[in-house]
Amino acid sequence: MKALPVRRLLPVVLAALASITAAPVLASNNTATTATSGNAVTEEKIDQQKQRAEYIRKNYAKFEYRIPMRDGKLLFTSVYVPNDASASKRYPILLVRTPYSVAPYGSDQYKGMLGPTAEYEKEGFIFAFQDVRGTYMSEGEFVNMRPHIDHKKSTTDIDESSDTYDSIEWMTKHLPYNNGKVGQWGNSYPGFYTSAGAIDSHPALKAVSPQAPIADWFRGDDMHRNGALNLQMAFGFFHSFGQPRPQPTTGNGWKTFNFGTPDGYQFFLDLGSVANVNTRHFKNGVPFWNDIVAHPNYDEFWQSRNILPHLKNIKAAVLTVGGWYDTEDLYGPLNTYKAIEKQNPGIQNTVVIGPWTHGGWFRTDGDKVGDASFGYKTVQTYQPVELAFFKHHLKSGEKPVLADAWMFETGANRWRGFDAWPPKESKDQALYFQANGKLSFKPPANQDAQFAEYISDPAKPVPYTTEVLTRWSNQYVAADQRFATSRPDVLTWQTEVLEKDVTLAGPLAADLFVSVTGTDADFVVKLIDVNPPNLEAEGQPNRGNQQTLVRGEPFRARFRDGFETPKPLVANEVTKVKFAINDVFHTFQRGHRIMVQVQSSWFPFIDRNPQSFVPNIYEAKESDFIKATHKVYYGARQPSALHVKVLPSLDE
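For every chain, the first residue of the written sequence is number 1, and numbering continues from 1 along that sequence. Residue-level local features of this predicted model are given only where pLDDT is at least 70; pairs of side-chain atoms are given and counted only at 80 or more, and the full residue set underlies all totals for whole chains, interfaces and linings. Side-chain metrics rest on all non-hydrogen atoms present in the structure, leaving aside hydrogens and water.

(A) Summary view of the overall build of the protein chain. Within the protein chain, the regular secondary structure consists of 14 helices and 25 strands. Here the globule rule reads 2.2 Å times residues to the power 0.38, and the radius of gyration is calculated from C-alpha atoms. For 652 residues, the compact-globule estimate of 2.2 N^0.38 gives 26 Å, and the C-alpha radius of gyration of the protein chain, at 25 Å, lies within 12% of that figure. Taken along the three principal axes of its C-alpha coordinates, the protein chain extends 80 × 60 × 55 Å. Within the protein chain, counting contacts between residues at least 6 apart in sequence, those at least 24 apart form 77% of the total. For every accessible area listed, the method is Shrake-Rupley and the probe measures 1.4 Å; residues are considered covered only by the protein chains on display. Of the roughly 25200 Å² that the protein chain leaves accessible, carbon and sulfur atoms contribute 49%. Taking the average location of the 69 positive side-chain charges in the protein chain and that of its 70 negative ones, the two points are 2 Å from each other. The secondary structure listing takes helices from DSSP runs of H or I that are at least 4 residues long and strands from runs of E that are at least 2 residues long, numbered from the N terminus. Working rule for contacts: check all heavy atoms of both residues, and any pair within 4.5 Å makes them a contact. In this tally, Asp and Glu contribute negative charge and Lys and Arg positive charge; neither His nor the terminal groups of the chain are included. The atom standing in for a charge is NZ when the residue is Lys, CZ when it is Arg, CG when it is Asp and CD when it is Glu.

As structure tokens, this is what we get:
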């Protein structure tokens, strides 16, 4: 059979790639972003996808069910059963629960992908995909990040844990030829449903893999970073995903926003205050956007949507997966692992973090991100282990040899296993800001008050990427930062040339002493790996002096005393601002330098701080946006620093 032209197969391939568990790609009119997260869709890949779809069609039978929940609502579920299933050959169920549709609908319409990789389909599972409550063809009301109910008193007390339990109960009793064992996995929002499904685990649920799971939409995942709004992501996502669905439907409710320009930076700058989103574009028609602007602080609305305290009574084995370069959900997998470890002693609980973007462990080859290259296809090391995890727990296959924490060490580009994360061997140290832009592990000795200053102007915010795009970038996390270093509103400190490798392994914390002439401010702290002046590799461009971003996080200074209680800054008063930054596992090689940058905008990834305090920052008027002078102090009395965990080398 003659292969179809690439232009005709491309929509089919992209639809199949998006159909597994992640949100449909919110590509705008200026991007070539696809569900492969940066990997080119080649004719070879299209041919592989075509063969995969044909294999599924030939070897699986599809059925559709409406599964009753305890409150009587029916959840639409598509099930794919191997053709050779029989009384003598039974299969485990592998479940995905998603708000992004189980399409295509109709028993004669088949997905092009059923498992994370084609090997799952060849191995053989009963694949089940469910529209979660209130989405697409499932009944009930949809609630974003539905709060968990610890103590359910009646059949009307439902949450994602109970819906998962009821679904598994029904499937194990009614789906023919299942072996009584269930696994669940999902990426991103479906990762959240996987975490929720593990709570009060159904006895048949033996293995779960929350992948890039959302954990807390205010403190670290997706829509906020330390309370600062991820404007570009929240705007694009909820314009499409946030549209009401009053009745069950098979239709695609996603609406691509017409920005009218390829320049997202300029679009959001021209937008002005976040208050203008509704007046100019959403017209109060996106309910969850209204919720965001009505809850600017970490109140009960957001606290109830934090799943981490509820990750208890988990009996299934857990494999949590994430990517160091995930621009959406790195906070989620790191803290999901930690919460499960603390609250469920004795269960198998493993975390894997690789050098990947969002879902890159099954969407990409994992060989590069931005200006960072890892030398080989890292997913080929991970993917067989994930399959072995499910085979062992669902089919009594051989147990994979896997450390409790299996982490990729960027900079050195190698996998390493640990008994816990962060590694018990890592030691607390600090990189102190010093005079003349110096950075050192040695505490400053100078007792005099010293500071570096810059003018922060909301009318000219520091961009977070040099890419021209309207959709948020998934490559900025490993991009060369020299474009920022040259700006007068970005402060830079760096070490001397390293005489030996330095490996940071674990969480970071920024500890800043600052003063501002306004009454509010954001502070963005970035950790950067600076290459030697001449760094050539065969077949690679010369990356001499490249300043590769390793980690960066913003913080809204109004939350310095807690996310629940915003407080204005006192103009010209030195104030301590300390905040958490997501973990790293990175080796700064001998001959490199460690750099830290501080700035007060990261636009349009993060919305602009008006720099004059208003109780609800999303209701700021144009007149509230002011220039301000920001000072960062350093020295023995005001030791601004980046606190790190250093992993000793094997020869120490």
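(B) View of empty space enclosed by the protein. Using protein atoms alone on a 1 Å grid, points that fit a 1.4 Å probe yet trap it form a cavity, whereas open point sets bounded by protein on both sides within 12 Å along at least five of seven lines form a pocket; residues with an atom within 4 Å of a point count as lining. Grid points are joined across faces, edges and corners, and a volume is the space filled by probe spheres set on the points. One pass over the full model with this rule turns up 7 cavities of 30 Å³ or more. Forming the walls of the second largest cavity are 19 residues, and the residues nearest its centre are Asp-326, Tyr-476, Val-477, Gly-552 and Glu-553. With 5 residues, the top contributor of residues to the lining of the second largest cavity is strand E21 (residues 547-556). We call Asp, Glu, Lys and Arg charged. Ala, Val, Leu, Ile, Met, Phe, Trp, Tyr, Cys and Pro are nonpolar, and the rest, Gly among them, are polar. In terms of residue class, the lining of the second largest cavity is made up of 9 nonpolar, 4 polar and 6 charged.

(C) Representation of the pairing of strand E22 (residues 575-588) in the model. In terms of burial, E22 is largely enclosed, as 11 of its 14 residues are buried. DSSP-based pairing: two strands are paired if at least 2 bridges between them are found. As paired strands, strand E19 (residues 502-516) and E22 are joined by 12 bridges and run antiparallel to one another. Bridging across to E22, Ala-510 finds its partner in Phe-579. Here the term buried applies to any residue with accessible area under 20% of the maximum for its type, exposed to any over 50%, and partly exposed to those in between, with areas from a 1.4 Å probe on protein chains only.

(D) Quick peek at the pairing of strand E3 (residues 91-98). Within E3, 8 of the 8 residues are buried, which leaves the element mostly enclosed by the surrounding structure. Bridging between E3 and strand E5 (residues 178-187) involves 4 bridges; their strand directions are parallel. Looking across to E5, one finds that Ile-93 is bridged to Val-182. Across 6 bridges, E3 lies against strand E4 (residues 126-131) in parallel orientation. Residue pairing across strands places Val-96 opposite Phe-129, the latter belonging to E4. Crossover handedness is defined by viewing with both strands directed away from the observer: a clockwise path from the first strand over the helix to the second marks the crossover as right-handed. Regarding the hand of the β-α-β motif, the stretch spanning E3, helix H3 (residues 118-123) and E4 is right-handed.

(E) Highlighting the side chain of His-148. Looking at the secondary structure, you find His-148 in the loop between E4 and helix H4 (160-174). For His-148, a relative accessible area of 13% puts it in the buried group. The definition of a polar contact used here is a pair of N or O atoms within 3.5 Å, where within protein one atom must be able to donate a hydrogen and the other to accept one, and adjacent residues in sequence count solely through side-chain atom pairs. One polar contact links His-148 to Asp-159, side chain to side chain, over a distance of 3.1 Å. In contact with His-148, not counting residues within four places along its chain, are Asp-159, Ser-161, Ile-199, Asp-200, Ser-304 and His-310.

(F) Highlighting the nonpolar core. Only buried residues count toward a nonpolar core. Its members are Ala, Val, Leu, Ile, Met, Phe, Trp, Tyr and Cys residues joined through side-chain atoms within 4.5 Å. If you look at the biggest cluster of nonpolar residues, it comprises 177 residues, and the most contacted ones within it are Trp-289, Trp-324, Trp-421 and Leu-527. Counting residues per element, this core draws most heavily on E19, at 8 residues. Those residues in contact with Trp-421 that lie beyond four places of it in its chain are Trp-324, Leu-334, Tyr-337, Lys-338, Ala-405, Met-407, Ala-505, Gly-506, Asp-583, Val-584 and Phe-585.

(G) The arrangement of a negative patch on the surface in detail. Together, Glu-341, Asp-404, Asp-419 and Glu-425 give the surface a local cluster of negative charge. Along the chain, Asp-404 turns up in the loop between helix H13 (379-395) and strand E13 (405-409). Patches in this entry comprise residues that are over 30% relatively accessible and not in a salt bridge; like charges within 9 Å are linked, as are nonpolar side chains (Val, Leu, Ile, Met, Phe, Trp, Tyr) within 5 Å. Should a side-chain nitrogen of Lys or Arg be within 4 Å of a carboxyl oxygen of Asp or Glu, the pair is scored as a salt bridge.

(H) Spatial organisation of the sheet that holds strand E18 (residues 491-494). The 4 strands lie next to each other as E18-E23-E20-E21, forming an open sheet whose pairing is antiparallel. The open sheet has two free edges, formed respectively by E18 and E21, since each of these has just one partner strand. Taking each pair of neighbouring strands and ignoring which way they run, the sheet shows an average axis angle of 15 degrees. Where E18 lies against strand E23 (residues 593-599), 4 bridges are found, and the strand directions are antiparallel. Within the sheet, the bridge partner assigned to Thr-492 lies in E23 and is Gln-597. Axis geometry follows a simple rule: fit a line to the C-alpha atoms, using only the stretch in contact for helices, then measure angles between N-to-C directions, giving values from 0 to 180 degrees.

(I) A look at the pattern of salt bridges. Under the counting rule described, the total for this entry stands at 27 salt bridges. With a closest N to O distance of 3.6 Å, Lys-391 and Glu-123 form a salt bridge. You can see Lys-391 sitting in helix H13 and its partner Glu-123 sitting in helix H3, a full 268 residues away along the chain. Residue classification places Glu-123 among the partly exposed positions, given a relative accessible area of 26%. Here Arg-414 makes a salt bridge to Glu-409, at a shortest N to O gap of 2.8 Å.

(J) Quick look at the packing of helix H6 (residues 231-241) against helix H9 (residues 287-294). Packing of H6 against H9 brings their axes to within 9 Å, and their N-to-C directions diverge by 150 degrees. Between H6 and H9, the interaxial angle falls into the category roughly antiparallel. When you trace H6 past H9, the crossing you get is left-handed. Within the contact between the two elements, H6 uses Leu-231, Ala-234, Phe-235 and Phe-238 and H9 uses Phe-288, Trp-289 and Ile-292. Looking at the contact of H6 with H9 residue by residue, the class counts come to 7 nonpolar, no polar and no charged. Here is the rule for angles: anything less than 35 degrees is roughly parallel, anything more than 145 is roughly antiparallel, 65 through 115 is roughly perpendicular, and the remaining ranges are oblique. Note: crossing handedness is left-handed where the near helix turns anticlockwise from the far helix by less than a right angle, and right-handed where it turns clockwise.

(K) Structural view of the packing of H4 against helix H5 (residues 189-198). At a minimum axis distance of 7 Å, the contact between H4 and H5 shows a crossing angle of 75 degrees. Relative to H5, the element H4 lies roughly perpendicular. Across from Glu-160, Ser-161 and Thr-164 in H4, the residues of H5 making contact are Phe-192, Tyr-193, Ala-196 and Gly-197. Across the contact of H4 with H5, the residue classes break down as 3 nonpolar, 3 polar and 1 charged.

(L) A look at H13. For a helix, the expected span equals 1.5 Å multiplied by the residue count minus one. Under the 1.5 Å per step criterion, the end-to-end length of H13 is 23 Å for 17 residues, consistent within 8% with the ideal 24 Å. All of the buried residues in H13 are Val-379, Tyr-382, Gln-383, Val-385, Glu-386, Leu-387, Ala-388, Phe-389, Phe-390, His-393 and Leu-394. Downstream of H13 by a residue or two, Ser-396 has a phi angle that is positive, lying close to 60 degrees.

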